[in-house]
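Architecture and fold: a report
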Amino acid sequence: MKPFDEMLVTDEVVRDPYGRFHEWYKDQDPTLLGEKAGEAEAFFRRTGITFNVYGQHEAAERLIPFDLVPRIMARAEWDNLAEGIEQRVTALNAFLDDLYHDQEIIKAGKVPERLIAGNEAFLDVMRGFRPPGGVYTHIIGTDIVRCGENEFYVLEDNARTPSGVSYMIENRETMMQMFPELFAQNRVRPVETYPHHLRRSLAAVAPPACEGTPTIAVLTPGIYNSAFFEHAFLADQMGVELVEGSDVAEIDGRIQMRTTEGYKPIDVLYRRVDDAFLDPNVFNPSSMLGIPGIMDVYKNGGITIANAPGTGIADDKAIYSYMPEIVEFYTGRPAKLQNVPTWRCADDDSLKYVLDHLEELVVKEVHGSGGYGMLVGPTSSRDERELFAEKLKKKPSNYIAQPTLALSTVPILVDGGLAPRHVDLRPFVLVSDKVRIIPGGLTRVALKEGSLVVNSSQGGGTKDTWVLRD
Amino acid sequence: MALLGRTANGLFWMFRYIERAENTARLLDAGQRISLTNLSSEPDEWQPVLVSAGVEAAYNAKYQDYDAETVIDFMLCDRDNPSSVRSSLETARTNGRMVRTALTRELWEAVNESWLVIQRRLSAPVSTRELPAVIDLVKRQGALIRGAFQTTMLRNEIFDFCNLGAFIERADNTARILDVKYWLLLPEHSQVGSALDNFQWRSILRSVSAHRAYAWEYDGEYQAVNIIDFLMLNRRMPRSLAHCYHLIAESLGYLDRNYEVHHPCHNTAMAIRERLAGASVRQIIDGGLHEFLEGFIRDNNRLAQEIGQSYRFYPGS
């Protein structure tokens, strides 16, 4: 069956949100558009909008390919989606608070205890501690896929340190520079306000020790991290310091940064360093990226860490399959956004089903990310499947499986004109004194014909994502 | 807004390496001009270029002979040479990337683009025929960076740390060029006042874009006293030690006022500036030009370290 195309119902019939864009497109000279694509690439290269590829020594900085055709959503489509997202992130925070306190949801028998107790992502050190404002996951990038007109699924919650928001903003900037007329014809809701919202959102959860206006900083592992550009970009756009572990130290019960004028306390730390590396005193002792003593300062009210340590338990792929129950448990209403049906390979029956249907399923590691370590059944070879089945049998609890979804397509620009490619969507959500959702997000697109893997590390690209005002 | 010590350090070294890249290119320019005249009968005419750049030991660890192609490649492209044009720009750009939040978009793009363009140009060996074009490219990109710096950066402490790096590096470079050539200036101990019919000096002045300026300032012949005055004591000459120290002291003064703290490094800089202002060429020659320059290079390095301590460039400070 042909997947749902978000622009074209048939070759002649264009879906509403794309109407004005399509009119515009028909008047464009294809050669000129090709040149514009080259211009966009040169622009990204010059401004250094690159990501680092692990394990490649030379030329380690790559560009994420950018496609000129925007992904467009109507106001009503977006509003529905946003409501579902707000419900879900509210539930995620309530879930985390519960897990680290009374664990009512386990007592109620909705989530099995074994998934929590033995899980590396669950941090004992967080038990009984409530972060400032009661917020655990402040910045979330919910991965959503679409399979039909009204059929959306959440693929992943990304409640730890989601990345990609800088591309959302730079993609818009690039489009506005290249095709200003499109923004005159279409009323597109802005995304460039994100850093402003992020700053406000972080400032609203200052710790008890904060006096006056909160001092915010972004913690980066450093320039060799794959997302360093984004860390620098966000610090820059918010007008806050970008610090590395070596710039800060615990002094007098506060985390302070070494400035040219001496040490200055940080109130809110937006950390882009994983839990394991955050505090060598508590977690991985060999970490050079973290800040010794930060967990003590945190628990004594000296600093806010965003996202809180231990949020990974909420976006764990083994927990994922329980999300519909979790949402309903905390919000008292059925989940507005659907989960993808998921087989937990830890269950014997599910494992048997998965092994028998590898050809149709996508099998993922519970803790994997970035599209690594997964099997896409329909495009795999017999050898790959056999190899994967061995791994699966060795440690079934390490895997979940999902049906291969017919992801929606949006056209990209190719030599011969437009051609459909599969996409997903990562809206960015800020949780603090209130929930702030930036209209749009990052659309990732599989550039290879027929491919369902949209990850940039696997050759995916991105698109500007428009939410229309009317 | 507070400025991180590491950021100040990154700005300082970014500009040292931007300056160094250009200086290395200028040294090659002088070397090329001298070798083209065939006036020199010495087989090792490229050696002083390596000594001036302070990379002779690194070169000798890798090569035995001083042939033009090898020296040029070592100075332009070699990653084992931290002062090669390629390494310098790479270091400058890495520092720039690290401190990106402190830079205007224009300045960052100028640095990033220079690195992209020059790296691409240096990915294949450069023949002596192509050398002038490559040197021009390096100088032009340097001008682009400085233009973006001067016209877009706020005059705050970020600006001051960049300037400190640039002028400490430039003072070091000028002192080294002079030190390598001091024996040319004073071939016989006594002939200080006599005219030098010296193509090498014209080439060196030319390589620092100053042969015409020299003519304007001194009206004529190449005399040792005038060349020493020009490159060391003349504050109007933008590459002279005195000019560099005028700006270094000024930048440190701005930092003092900005932070309302007077650091000892400022005293060190003032003392060096006063020594240059109070010196006469005759005194320098009588006391030994080489000794003076050696002392200057040492003091200049010490000042760089003191600045790093005062403004907490490194962890633990």
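Residues numbered from 1 in each chain as written. Chains lettered and ligands numbered in written order. Predicted model: local features only at pLDDT ≥ 70, side-chain atom pairs only at ≥ 80, totals over all residues.

Secondary structure summary: chain B contains 15 helices and 2 strands in total. A compact globule built from 317 residues should have a C-alpha radius of gyration of about 20 Å, and chain B, at 19 Å, falls within 12% of that. Taking the principal axes of the C-alpha coordinates as reference, chain B spans close to 60 × 50 × 35 Å. Buried positions account for 49% of the 317 residues belonging to chain B. Taking the contacts inside chain B whose residues are at least 6 apart along the sequence as the reference set, 72% of them involve residues at least 24 apart. (Helix = DSSP H or I, 4+ residues; strand = E, 2+ residues; numbered from the N terminus. Rg over C-alpha atoms; globule rule 2.2 N^0.38 Å. Buried ≥ 20, exposed ≤ 12 C-beta atoms within 10 Å, placed from the backbone. Contact = placed C-beta atoms within 7 Å.)

This brings us to the overall build of chain A. Summing up its helical and strand segments, chain A has 15 helices and 24 strands in all. Taking 470 residues into account, the globule formula puts the C-alpha radius of gyration at 23 Å, and chain A, at 22 Å, falls close to it. Taken along the three principal axes of its C-alpha coordinates, chain A extends 65 × 60 × 50 Å. Going through the 470 residues of chain A one by one, you find that 45% of them count as buried. In chain A, the proportion of contacts linking residues at least 24 apart, taken out of those at least 6 apart, comes to 68%.

Okay, the pairing of strand E16 (residues 361–365) of chain A next. Residues and elements named next belong to chain A. Counting buried residues in E16 gives 4 out of 5 residues, a clear majority hidden from the surface. Taken together, the 5 bridges between E16 and strand E18 (residues 399–403) define a ladder with antiparallel strand orientation. Bridging from a neighbouring strand, Val362 pairs with Gln402 of E18. Pairing geometry for E16 and strand E17 (residues 375–376), over 2 bridges, is antiparallel. Bridge pairing links Val362 to Val376 in E17. (Pairing = 2+ DSSP bridges.)

On to the sheet that holds E16(A). Within the open sheet, the 4 strands sit side by side as E15-E18-E16-E17 (chain A). Their pairing is antiparallel. Since the sheet does not close on itself, it has two edges, and those belong to strand E15 (343–344) and E17 of chain A, each with one partner.

This next bit is on the domain arrangement of chain A. All names here are of chain A. Parsing chain A into structural domains produces domain 1 (16–338 + 406–467) and domain 2 (341–403). Between domain 1 and domain 2, the C-alpha centre-to-centre distance is 27 Å. Listed as interface residues are 10 residues of domain 1 and, on the opposing side, 8 residues of domain 2. (Domains from an automatic or database assignment.)

Grouped together as the largest cluster of nonpolar side chains are 218 residues, with contacts concentrated most on Leu269(A) and Leu11(B). Top contributing element to this core by residue count: helix H1 (residues 5–37) of chain B, with 14 residues. Apart from residues no more than four positions distant in its own chain, Leu11(B) is found in contact with Val99(B), Ala102(B), Ile158(B), Phe161(B), Cys162(B) and Gly165(B). (Core = buried A, V, L, I, M, F, W, Y, C linked by C-beta atoms within 7 Å.)

Here the focus is the environment of Thr174(A). Residue and element names in this part refer to chain A. In this fold, Thr174 is placed in helix H6 (residues 165–178). In this structure Thr174 comes out as buried when scored by C-beta crowding, with 22 C-beta atoms within 10 Å. Every residue in contact with Thr174, bar those within four places of it in the chain, is listed here: Ala40, Phe43 and Phe66.

This part takes up the interface of chain A and chain B. On the side of chain B, 20 residues touch chain A, which itself brings 20 residues to the contact. Elements with a minimum of two residues in the side of chain A that touches chain B: helix H2 (30–47), helix H9 (228–238), strand E8 (241–243) and strand E10 (254–259) of chain A.

Moving on, we come to unusual backbone geometry. For the bond running from Ala306(A) to Asn307(A), omega is -10 degrees, close enough to zero to count as cis. Here Asn307(A) shows up in the loop between strand E13 (304–306) and helix H12 (317–320). A positive phi angle, near 40 degrees, is found at Asn158(A), a position not held by glycine. One can find Asn158(A) in the loop between strand E6 (151–156) and H6. In this structure Asn158(A) comes out as buried when scored by C-beta crowding, with 22 C-beta atoms within 10 Å. Positive phi is not limited to glycine here, since Arg312(B) has a value of about 55 degrees. Along the chain, the position of Arg312(B) falls in the segment after helix H15 (289–310). Residue Arg312(B) is classed as buried on the basis of its 22 C-beta neighbours within 10 Å.

To continue, consider helix H7 (residues 131–152) of chain B. Residues and elements named next belong to chain B. The terminal C-alpha atoms of H7 lie 32 Å apart, and with 22 residues this matches the ideal 32 Å at 1.5 Å per residue to within 8%. Val134, Ile135, Val138, Gln141, Gly142, Ile145, Ala148 and Phe149 are the residues of H7 that are buried. Taken end-on, H7 shows its buried residues confined to a sector of 155 degrees, consistent with a single buried face. Projecting away from the buried face of H7 at angles above 90 degrees are the exposed residues Ala133, Asp136, Ala143, Gln150 and Thr151. (Expected span 1.5 Å × (residues − 1). Arc of directions from axis to C-beta.)

All names here are of chain A. Pairing is parallel across the open sheet formed by 4 strands, whose spatial order is E8-E7-E12-E13. A strand with exactly one partner marks an edge of an open sheet, and here the two such strands are E8 and E13. Recorded for the sheet is a direction-independent mean angle of 25 degrees between the axes of neighbouring strands. With 4 bridges connecting them, strand E7 (residues 216–219) and strand E12 (residues 268–271) associate as parallel partners. (Axes fitted to C-alpha atoms, helices over the stretch in contact; angles between N-to-C directions.)

Here we take up the domain arrangement of chain B. Residues and elements named next belong to chain B. By the assigned domains, chain B splits into domain 1 (1–153) and domain 2 (155–317). Listed by partner, the interface residues are 28 residues for domain 1 and 28 residues for domain 2. Contributions of two or more residues to the side of domain 1 that touches domain 2 are made by H1 and helix H2 (47–52). The dominant element in the side of domain 1 that touches domain 2, judged by the number of residues it contributes, is H1, at 19 residues. Class assignment for the residues of the side of domain 1 that touches domain 2 results in 16 nonpolar, 6 polar and 6 charged. (Nonpolar A, V, L, I, M, F, W, Y, C, P; charged D, E, K, R; others polar.)

We now examine H9(A). Residue and element names in this part refer to chain A. The buried count for H9 comes to 9 of 11 residues, which makes it a mostly enclosed element. Looking at H9, one finds that the buried residues are Phe228, Phe229, Glu230, His231, Ala232, Phe233, Leu234, Ala235 and Met238. Looking one or two places after H9, you find Gly239, whose phi comes out positive at around 70 degrees.

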